[in-house]
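The primary structure of each chain is shown beneath.
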Amino acid sequence: MRVEDLETKNISAIVEVGLYESCMRERKGYSSGVRPNHWMPGRDYCFMGQLDFIDTDILKPGVTCKARGNFIIASVDIEEFKPGYCWHICEANKIMGYGKVIEVKHIPFQP
């Protein structure tokens, strides 16, 4: 199956987000509302999503925080997206940090 042919679904979740100090050298961090690439291990495609940080405006390198995440993911990956699931947060193909599902808030109905 080609990536272009994948069906997608919207998911909302509370996630833990962390940025690696070694990857964010000389940078202040990410501002709330950031839309990085989200790479799932074992996939050759990423998913889209916005991270709105809870209780902070800037996530600094070496620190973690909770965020509200709104994502568009491939339908075939919905079963993976549950509490404890982790993925890479990237800029292009460079890993900058990670995301981890804490609580799924909304998954669309699957007939």
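Here goes a summary of the coordinates provided. (Residues numbered from 1 in each chain as written. Predicted model: local features only at pLDDT ≥ 70, side-chain atom pairs only at ≥ 80, totals over all residues. Heavy atoms only, no water.)

### Some points on the overall build of the chain
Thinking step 1. Along its length, the chain carries zero helices and eight strands.
Thinking step 2. When its helices and strands are written in sequence order, the chain yields β-β-β-β-β-β-β-β.
Thinking step 3. Over its C-alpha atoms the chain spans a radius of gyration of 14 Å, differing by no more than 12% from the 13 Å that the globule rule assigns to 111 residues.
Thinking step 4. A principal-axis box enclosing the C-alpha atoms of the chain has dimensions of 45 × 30 × 20 Å.
Thinking step 5. Of all 111 residues assigned to the chain, the portion counted as buried reaches 36%.
Thinking step 6. Long-range contacts, defined here as pairs at least 24 residues apart, represent 67% of the contacts in the chain between residues at least 6 apart.
Thinking step 7. Carbon and sulfur atoms make up 49% of the accessible area of the chain, which amounts to about 6,800 Å² in all.
Thinking step 8. Averaged over its 14 positive side-chain charges, the chain has a centre that lies 4 Å from the centre of its 15 negative ones. (Helix = DSSP H or I, 4+ residues; strand = E, 2+ residues; numbered from the N terminus. Rg over C-alpha atoms; globule rule 2.2 N^0.38 Å. Buried < 20%, exposed > 50% of the residue type's maximum accessible area, 1.4 Å probe, protein only. Contact = heavy atoms within 4.5 Å. Areas by Shrake-Rupley, 256 points an atom, 1.4 Å probe, with all protein chains shown as cover. Lys, Arg positive; Asp, Glu negative; His and termini not counted. Charge placed at Lys NZ, Arg CZ, Asp CG, Glu CD.)

### Topic: the packing of aromatic side chains
Thinking step 1. With the rule as written, the count across this model stands at eight aromatic pairs.
Thinking step 2. With centroids separated by 5.7 Å and ring planes inclined at 80°, the aromatic side chains of Phe71 and Trp87 adopt a geometry described as edge-to-face. Taken together, the positions of Phe71 in strand S6 (residues 64–74) and Trp87 in strand S7 (residues 86–91) put the pair 16 residues apart, joining distant regions of the chain.
Thinking step 3. Accessibility expressed as a relative area gives 2% for Phe71, which makes it buried.
Thinking step 4. In this structure Trp87 comes out as buried when scored by relative accessible area, which is 2%. (Phe/Tyr/Trp six-rings, centres within 6.5 Å; stacked < 30°, edge-to-face > 60°.)

### So, the nonpolar core
Note on soluble globular proteins: their nonpolar side chains tend to be buried together.
Thinking step 1. Leu51, Phe53, Phe71, Phe81 and Trp87 are the most contacted members of the largest nonpolar core, which totals 24 residues.
Thinking step 2. For this core, the secondary structure elements donating two or more residues are strand S1 (8–19), strand S4 (46–53), S6, S7 and strand S8 (94–106).
Thinking step 3. The biggest single contributor to this core is S1, with five residues.
Thinking step 4. With residues up to four places along the chain from it excluded, the contact list for Phe53 reads Val17, Tyr30, Ser31, Ser32, Val34, Leu59, Cys65, Lys66 and Ala67. (Core = buried A, V, L, I, M, F, W, Y, C linked by side-chain atoms within 4.5 Å.)

### What about the pattern of salt bridges?
Thinking step 1. Overall, the coordinates contain three salt bridges when judged by the stated rule.
Thinking step 2. Ionic pairing is found between Lys105 and Glu103, a salt bridge with its closest N-O pair at 3.4 Å.
Thinking step 3. Taking the relative accessible area as the measure of exposure, Lys105 reaches 51% and is therefore exposed.
Thinking step 4. Exposure remark for Glu103: the relative accessible area of 38% places this residue in the partly exposed category. (Salt bridge = Lys/Arg side-chain N within 4 Å of Asp/Glu carboxyl O.)

### A few points about the sheet that holds S1
Thinking step 1. Around the barrel, six strands lie side by side as S1-S6-S4-S3-S7-S8; this closed barrel has antiparallel pairing. Strand-to-strand, the axes of this sheet are offset by a mean angle of 45°, without reference to chain direction.
Thinking step 2. As judged from the 11 bridges shared by S1 and S6, these two strands associate in the antiparallel manner. Paired with Lys9 across the strands is Ile73, a residue of S6. (Pairing = 2+ DSSP bridges. Axes fitted to C-alpha atoms, helices over the stretch in contact; angles between N-to-C directions.)

### Let's talk about the side chain of His38
Thinking step 1. As for its position among the elements, His38 is in strand S3 (residues 37–39).
Thinking step 2. Within the structure, the side chain of His38 is placed 2.9 Å from the side chain of Trp87, a separation counted as a polar contact.
Thinking step 3. Beyond its immediate stretch of four places on either side in the chain, His38 contacts Cys46, Phe47, Met48, Gly49, Leu51, Phe71, Trp87, His88 and Ile89. (Polar contact = N/O pair within 3.5 Å; in protein donor to acceptor, adjacent residues only side chain to side chain.)

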